[in-house]
Amino acid sequence: MLKGIGASNGYGIGKAVIIEDANLDYSSVRYAGAEAEKSRLQNAVDSFIKETTEMIEALKSSAGEKEAEILEGHLTMLNDPFMLSGINEQIDAGLVAEAAADAVFKMFYDMFTGMEDEMMRQRASDVKDIRDSILELLLGVKKIDISKVEKGSVLIAKDFTPSMTSQIKKENVAAIVTEVGGVTSHSAILARAMGIPAALSVPDALNSIINGDTLIVDGFRGEVFTNPDAKQINEYEQKQKEYIKEKESLNVYFNKPTVTKSGIKKYVYGNIGKAADAETVLQNGGEGIGLFRTEFLFMDRTSAPTEQEQFEAYSTVAKIMGGKEVIIRTLDIGGDKAIDYLSIEKEENPFLGHRAIRYCLDNKPLFKTQLRAILRAAAYGNIKIMLPLVTEIEEIRAAKALITECEAELKSEGIEYKSVPVGIMVETPSAAIISDLLAREAAFFSIGTNDLTGYTMAVDRGNAKVSHLYDAFKPSVLRAIEMTIKNAKAAGIPVGMCGEAAANTKLIPMLLEWGLDEFSVTPSSILQTRKTICEADDK
Ligand code: PEP
Ligand code: MG
């Protein structure tokens, strides 16, 4: 049995599918003469065109015309006469097809990344995608298409990037196993959002598991059993059935109002990372969005999303949610969330460094683009802005001044927008300690226990040696939470919690006692959280 961290509840039984980056090293390929190399290249290009055309047709029916356009762009790009003739010229000069293609794609990549225009810079990631596909075809090392894995697959990877997870079809994936990441890592958050059982930080998973192995994944305990016997499979199938039954019993809470025994109205919201997740929140009975982690929009690309792209994402969520509240957190990068093209300087202590609101206040054009997009989207629903990692009152004032500046610009440009309440995450000890003062400037608080626990206990969330200290039940963390809720109440502003602890059934009664108004949790935990709130003894 392999043991990692249980990061997304449930039991998954299925066949192992190892997802490894294809090895694109072509240094041992020998030159077979210009004609032979050109013919290998042409074969790879023909296969690429055939596969891409098939994918375009499939995407048109499954996801829509717009998604298919990106792949159509790949075909157009490869058909550029300069691209293919350039590669053939390099072959004539004595390079193997792989090296020739790599050199020409690199030239196009550098050209696109150096361009002023955002849209053109985006093309660089398309060039990289095409390059990887052509090299895979030439080398015969096609990597696995996650969207095409068979029903009952258990995906094993070092880690899952957001672009990898976006390809997952949850009906086909029985479980996820990774070698890195903890309960609050983004792989874990995404697995829970999709309701897929996950065991993370499983040491040496890629070496210990072979493609096609039968696996049982216990997402509660983080255990992975390889090639179990019939008795064990039976036992886990039974557990799986009981768990599914228990989950179904929660369905009665779908239409129930979130009201405590003593009759106080509370709210259960969902946390999301992309616009489409808003649907999942509604499907799970969520009453709003308590945390939209906008950094996901900035990941897995070569330049920042434009104001228009961000506006589309934020307004889509606002429209999906109707008049329900949508709390959009401004860009929270740095720390463990690196974004290459933002060229954040390497720091000795990134978690204590130039991240989140600190980075945004020092990179005004980037921050203002996001703020303008949010203000414009606010015209389409019930949006609020939330600032991450606040430690002092000046940060709120500075952000609010920028928001006022954006409003003035939009007004003078005649662009539709709406003013919105500006609240903060309380996720640093500093913010909790001065929450009485911050409540004068913030329209609401949302307690981020993931970071608050780490910073209060001075413990790195990812360091196994000190993981016993990473616990929201430690007295110092509980005091910080209590103090924050009480100061919000005293100031008359709403207070929620969007860290993972908001779904902790043992903590919820305490949070109710202190007066927490809103619980924002991963969508698959919404009904359980509502049940716990409704059943807690708060009389
Ligand atoms: C938190 O810190 O509790 C939080 C919700 O933010 P994130 O997990 O995105 O850092
Ligand atoms: Mg945080």
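From a predicted model like this one, the values you see are computed outputs, not experimental measurements.

A word on the site of ligand 1
- Surveying the vicinity of ligand 1 reveals 14 residues, the closest of which are Arg 293, Arg 329, Glu 427, Gly 448 and Asn 450.
- Between Arg 329 and ligand 1, the recorded distance is 2.8 Å, taken from a side-chain N or O atom to an oxygen atom.
- Across the complex, the protein chains shield 99% of the 290 Å² of accessible surface that ligand 1 would expose by itself.
- Per-element tally for the shell around ligand 1: the top contributor is helix H18 (residues 449-457), with 3 residues.
- Classifying every residue of the shell around ligand 1 gives 3 nonpolar, 4 polar and 7 charged.

Some remarks on the sheet that holds strand E4 (residues 153-157)
- With mixed pairing, the 8 strands of this open sheet are ordered in space as E1-E8-E7-E3-E4-E5-E6-E2. Strands with a single pairing partner mark the edges of an open sheet, and in this sheet they are strand E1 (2-3) and strand E2 (5-8).
- With 2 bridges connecting them, E1 and strand E8 (residues 223-226) associate as antiparallel partners. Following the sheet pairing, Leu 2 is matched in E8 by Val 224.
- The sheet strands contacting helix H9 (residues 230-249) are strand E3 (11-18), strand E7 (214-218) and E8, and the helix crosses E3 at an angle near 120°.

Considerations on the domain arrangement of the protein
- Here the domain parsing of the protein yields domain 1 (2-20 + 144-235), domain 2 (34-139) and domain 3 (251-535).
- Relative placement of domain 1 and domain 3: their C-alpha centres are 28 Å apart.

So, the coordination of the magnesium ion (ligand 2)
- Protein coordination of the magnesium ion (ligand 2) is provided by Glu 427 (OE) and Asp 451 (OD), with donor distances spanning 2.1 Å. Of this pair, Glu 427 sits in the loop between strand E13 (422-426) and helix H16 (429-433) while Asp 451 sits in helix H18, placing them 24 residues apart in sequence.
- Take Asp 451: its relative accessible area is 7%, and that puts it in the buried class.

Some points on helix H12 (residues 307-320)
- Between its first and last C-alpha, H12 extends 20 Å over 14 residues, near the 20 Å set by a 1.5 Å rise per residue.
- All of the buried residues along H12 are Glu 307, Gln 310, Phe 311, Ala 313, Tyr 314, Ser 315, Val 317 and Ala 318.

A few points about the pattern of salt bridges
- Under the definition given, this model contains 33 salt bridges.
- As a salt-bridge pair, Asp 277 and Lys 274 come within 3.0 Å of each other at their nearest N and O atoms.
- Between Glu 441 and Lys 400 there is a salt bridge, with the nearest N and O atoms lying 3.1 Å from each other. In this pair, Glu 441 is assigned in the loop between helix H17 (435-438) and strand E14 (445-447) and Lys 400 in helix H15 (residues 393-412), connecting sequence segments 41 residues apart.
- Under the relative-accessibility criterion, Lys 400 is labelled partly exposed at 27%.
- Several salt bridges converge on common partners, so that one network encompasses Glu 307, Lys 368, Arg 372, Arg 376, Glu 405, Glu 409 and Glu 413.

A few points about the sheet that holds strand E12 (residues 382-387)
- The sheet built from 8 strands closes into a barrel, its strands ordered E9-E10-E11-E12-E13-E14-E15-E16 with parallel pairing. Pairwise comparison of adjacent strand axes, ignoring direction, gives a mean angle of 30° for this sheet.
- Two elements, E14 and strand E15 (residues 495-497), share 3 bridges in a ladder whose sense is parallel. Considered in E15, the bridge of Ile 447 is made with Met 497.

As for unusual backbone geometry
- Its identity is not glycine, yet Ala 356 carries a phi of approximately 50°, on the positive side.
- Along the chain, the position of Ala 356 falls in helix H13 (residues 356-362).
- Since its relative accessible area comes to 0%, Ala 356 is described here as buried.
- Even without glycine at this site, Leu 389 takes up a positive phi of about 55°.
- Looking at where Leu 389 falls in the secondary structure, it is placed in the loop between E12 and H15.

Looking at the nonpolar core
- Leu 387 and Phe 445 are the most contacted members of the largest nonpolar core, which totals 85 residues.
- If we skip the residues at most four places from it in the chain, Phe 445 touches Ile 424, Val 426, Ser 435, Leu 438, Ala 439, Thr 484, Ala 488, Ile 493, Pro 494, Val 495 and Gly 496.

Brief notes about the layout of surface pockets
- Considering only enclosed or pocket space, the second largest pocket measures out at about 360 Å³ in volume.
- Lining the second largest pocket are 17 residues, and of these Tyr 11, Gly 195, Pro 197, Gln 240 and Ile 244 lie nearest its centre.
- Contributing elements (two or more residues each) for the lining of the second largest pocket: E3, strand E5 (173-178) and H9.
- Looking at the lining of the second largest pocket element by element, the count peaks at 4 residues for H9.
- Among the residues forming the lining of the second largest pocket, the class breakdown is 9 nonpolar, 5 polar and 3 charged.

Conventions and cut-offs
- Residues numbered from 1 in each chain as written.
- Chains lettered and ligands numbered in written order.
- Predicted model: local features only at pLDDT ≥ 70, side-chain atom pairs only at ≥ 80, totals over all residues.
- Heavy atoms only, no water.
- Near = heavy atom within 4 Å.
- Polar contact = N/O pair within 3.5 Å; in protein donor to acceptor, adjacent residues only side chain to side chain.
- Areas by Shrake-Rupley, 256 points an atom, 1.4 Å probe, with all protein chains shown as cover.
- Helix = DSSP H or I, 4+ residues; strand = E, 2+ residues; numbered from the N terminus.
- Nonpolar A, V, L, I, M, F, W, Y, C, P; charged D, E, K, R; others polar.
- Pairing = 2+ DSSP bridges.
- Contact = heavy atoms within 4.5 Å.
- Axes fitted to C-alpha atoms, helices over the stretch in contact; angles between N-to-C directions.
- Domains from an automatic or database assignment.
- Donors = N, O, S within 2.8 Å, 3.2 Å for Na, K, Ca; no water.
- Buried < 20%, exposed > 50% of the residue type's maximum accessible area, 1.4 Å probe, protein only.
- Expected span 1.5 Å × (residues − 1).
- Salt bridge = Lys/Arg side-chain N within 4 Å of Asp/Glu carboxyl O.
- Core = buried A, V, L, I, M, F, W, Y, C linked by side-chain atoms within 4.5 Å.
- 1 Å grid on protein atoms, 1.4 Å probe; cavity = no way out; pocket = protein on both sides within 12 Å on 5 of 7 lines; lining within 4 Å.
- Points joined across faces, edges and corners; volume = space filled by probe spheres on them.

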